[in-house]
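Structural features, examined
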Amino acid sequence: MEGEQPPKQPRGRGGRGAMVLQALQAAARQPGQIALASATQPGPAVPPFAKTGGAGVQVESESASEDGSSIASGISRMSSGRGALIAQSIKKSLSGELVGAAAVVHEPGKFNIGRGRADIIRALKFATVTMQPGGEPLIPEPIGEDTKSSTLTESMQDLDISDQDGNVVCKKGTSGAKFSGYANWIRLSLKPNMAVFEYEVKFQPSIDARSLRFRILNSQKDKIGSVKSFDGTKLWLPTKLPNEITVLPTTQPLTGEPVTVKIIYKLRIAMDNCVQLYNVLFGRIMRILKMAKVGMNYYSPGGSILVPQHKLEIWPGYITAAHFMEGGLMLMVDVSHRTLQTETCYDVMSDIFKSHKGNFKERVSKELVGAIVLTRYNNQTYRIDDILFDQNAESTFTLKSGEEGITKALCLMPELCFLTGLKDEMRADFRVMKDIAQYTRVTPSVRQASLRTFIKNVNENPEAHQTLADWGLSLDDSLISVEGRILPPETIYFGSKEVPGNEMADFSREACREKVIMPVDLKPKCWVIMYFHKDEQRANKFADMLRQVTRCMGIQVGEPSFVRLQNDRIETYVNNLKQFYHDQLQIAVIIFPTARDDRYSAVKRLACLELKIPTQCINSRTISQDAKLRSVTQKIALQINCKLGGELWALKIPMTGLMVCGIDVYHDPTRRGASVVGFVASMNNTLTRWFSNTSFQHPGDEIVHGLKISLLEALRKYHGLHHSLPRTIIVYRDGVSDGQLKLIEDHEVPQVASIFQNFDSYEPKLSYIVVQKKINTRIFAAMSGRNLDNPPPGSVVDHTITRRYWYDFLLVSQHVRQGTVSPTYYIVVRDTTNLKVDNMQKLSYKLTHLYYNWPGTVRVPAPCQYAHKLAYLIGQSVRKEPGPELADKLYYL
């Protein structure tokens, strides 16, 4: 309209309410006009809007000139939500590509509020002009509010909600030698023009029992079809029902009472946006293939492997997950194994009764409560919450049905419950773990063969194949091929020489023979060795060996004070530590006769909270063999030097003014205590000195509060050392699941960055990187011949099998001699450093060399591993914040 000004952009959480109001106030199309077309095909990044001129084409703008001419222009800045992309497609369909349709363009300025839904509403509002035969524009007359509302609803329901290519993040590096290989991802092909239609299902009268809703809906297969997916409320179908609202009268199968099922159409979903549905389908396929669900994954009871010498049984199986990745829709499949014990809960209870009759109930509860058991008659798993000693097989209980949303309490017979997993003593037994590894550590070639068997089983099983075909899907017959890059080996700098990197990224020999960068001497009588009287000989041999191995490291070790204990009670260790403590004491070395968590925790608690000194705890068995004493003592010597504030080795870090932080969270497995957030930050340019802090997160507390305090303390410490603040801060954040990524990006990162306001005119460059090591992606390299091998350390893959909408990459940092290597997944959720992709990947790889508890590379950057060790020690043993005197030492190694 002449003289009309563009409406003011609504604010808030996207302004959707205001947009809807504007749309409702606009005129809707009349019968005979061209309807809006569904946006089903990906369009270009900027849609080709119609231009002025040409018969039968009118372009309308809010800034039209007085003589009626119009200005055609596009959106000056596109928003990144799906709604904006749908709006583009709508406008594209109205830009003259539809025969006889008028091209209508609205130019609002910047469509970048909310997630793009405002663009949909605006497109719907202004796409209301069509052409009459003869080329004259048909302008609809105003109509009633009811018609406007229904027309808008109809238009919105016809929209196709799909992921377009406009938001894809593609950041690839170029440095390093290239290699070819495969990944454990299989492409899922989609049938053209297929879609999923979502419905809401209501029952009148209301049906609370979820199983009963399934039963009633299944009785209507002749009306809705046999191919469906139903979760109790929402229904997904591959074809659209004839009516928008389908009413199906039926009867309640248990009571015979009449029930009305109302199925209400909601929206049409493109096939590339139905990942949750695909995962449900593959769950069905696993059951078709006669696999049993144990926990979250599926295993084959028929292919079980017995390990009789340890009373164990191993079930082979698969982990599956569908995702829409950078390379398209794919299925991740990995080989998995489930370890079961062949003894029942009754067997365990019988053994305990023989040896602990006095405290039988207490010992049984400690052993079994919290354990996961499997009942073989139905292959179901359960967690033991309690043991009812006053009930037996003849006890009766009241059945409850028709309840929903509660956890069912079941009573199981101990004779029928088989324990799953491994006991702690089994995990500590080298022979047990070695025997299990023969079956569970699968090489890349064997793993690839197993995945090909999976593909063959799915594609050659008629029922499984049809399950996919019903939804327009098919599984490719080969694994995804990928091309990666191998970063060059890193040179390691010691105090006396530099050592070139090797293909295995291992420098354990040099670490024990070369001088450390910063040695910290142990002064005579300023350190103590405390031992049980039976371990006196081992304590003396250890002290002598420590003095020998530290000479080549450049560390001087004086005579210690020996403390001989008459018993191994907890109070004996605690009291003697207090007695022999003095202001000059550097470290206490405690040799325990056996491994006991309560004794270890008591010593650590006293040392960290009251004495504020580092301790080195050693199991007597570790130093019992003379043949291994030297190598063991070398590692302990390096650990002691770190705990005293020393530095062992370094790498070339080409950045100055850099602070690297690591964050990890320890969660109490009993869920009774608070979680502990471990935080570490580098204090020098070589990233070899670290400041550490912890915070406790109680239920309901936000983790970001403790992080802000820790970062503030680290910045103050850095300023105190360098009289300046770091120009660049890179944070590596561990302990984050996929479902928390948006929370980290939208909430945690801005809150952490707000701490910079505590300093005058301070705006450092910031990168926030989430590190995930518990992933199931595997990479197989075709390095030599036809057999597949593990990719070497430094291997990077940053395309095809990475996420579409994140800046991310996969990095293999370790060399493994057995099984298949697991890459680590890095997601850069915020980056204002302007670092090149290559440099971000190289820095992450460099940091895997700087964990001082291992002379080689580790799976995650050193700050993440330090934060993990810190949070675990404080959460598991100390359970209070340690003294600040220890903050600049790696006392938690």
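Analysis parameters
- Residues numbered from 1 in each chain as written.
- Predicted model: local features only at pLDDT ≥ 70, side-chain atom pairs only at ≥ 80, totals over all residues.
- Heavy atoms only, no water.
- Pairing = 2+ DSSP bridges.
- Helix = DSSP H or I, 4+ residues; strand = E, 2+ residues; numbered from the N terminus.
- Salt bridge = Lys/Arg side-chain N within 4 Å of Asp/Glu carboxyl O.
- Buried < 20%, exposed > 50% of the residue type's maximum accessible area, 1.4 Å probe, protein only.
- Contact = heavy atoms within 4.5 Å.
- Phe/Tyr/Trp six-rings, centres within 6.5 Å; stacked < 30°, edge-to-face > 60°.
- Lys NZ or Arg CZ within 6 Å of the ring centre and 35° of its normal.

**Digging into the pairing of strand β15 (residues 372-375)**
Remember that side chains alternate between the two faces of the sheet whenever the strand is regular. One ladder, built from four bridges, connects β15 with strand β16 (residues 380-383); its direction is antiparallel. Across the sheet, residue T375 finds its bridge partner in β16, namely Q380. Note: β15 against strand β17 (residues 417-420), three bridges, orientation antiparallel. Bridge pairing links T375 to C417 in β17.

**A look at the pattern of salt bridges**
Across all of its chains, the model carries 30 salt bridges by this definition. Between D626 and K541 there is a salt bridge whose closest N-O contact spans 3.3 Å. Here D626 is found in helix α18 (residues 626-643), whereas its partner K541 is found in helix α15 (residues 536-549), with 85 residues between them in sequence. Classification of K541 as partly exposed rests on a relative accessible area of 33%. E559 is paired through a salt bridge with R547; the nearest N and O atoms lie 3.3 Å apart. With a gap of 12 residues between them, E559 in the loop between α15 and β22 (561-565) and R547 in helix α15 connect regions that are remote in the sequence. Because the salt bridges share partners, they merge into one network encompassing D334, R447 and R778.

**Quick notes on the environment of E510**
Checked against the element boundaries, E510 lands in helix α14 (residues 508-513). For E510, a relative accessible area of 24% gives the class partly exposed. Taking the C-alpha atoms as reference, E510 lies 9.4 Å from I492; in sequence the two are 18 residues apart. Apart from residues no more than four positions distant in its own chain, E510 is found in contact with F494 and V499.

**Quick notes on the packing of aromatic side chains**
Throughout the structure, instances matching the rule amount to 20 aromatic pairs. Ring geometry for Y318 and F454: centres 5.0 Å apart, planes at 50°, overall tilted. In this pair, Y318 is assigned in strand β13 (residues 312-325) and F454 in helix α12 (residues 444-460), connecting sequence segments 136 residues apart. Pair check on accessibility: Y318 and F454 agree, each one buried. Ring pairs connect the aromatic residues W690, Y851, Y866, Y891 and Y892, which therefore count as one cluster. K240 extends its terminal NZ or CZ atom over the ring of Y265, reaching a point 4.3 Å from the ring centre.

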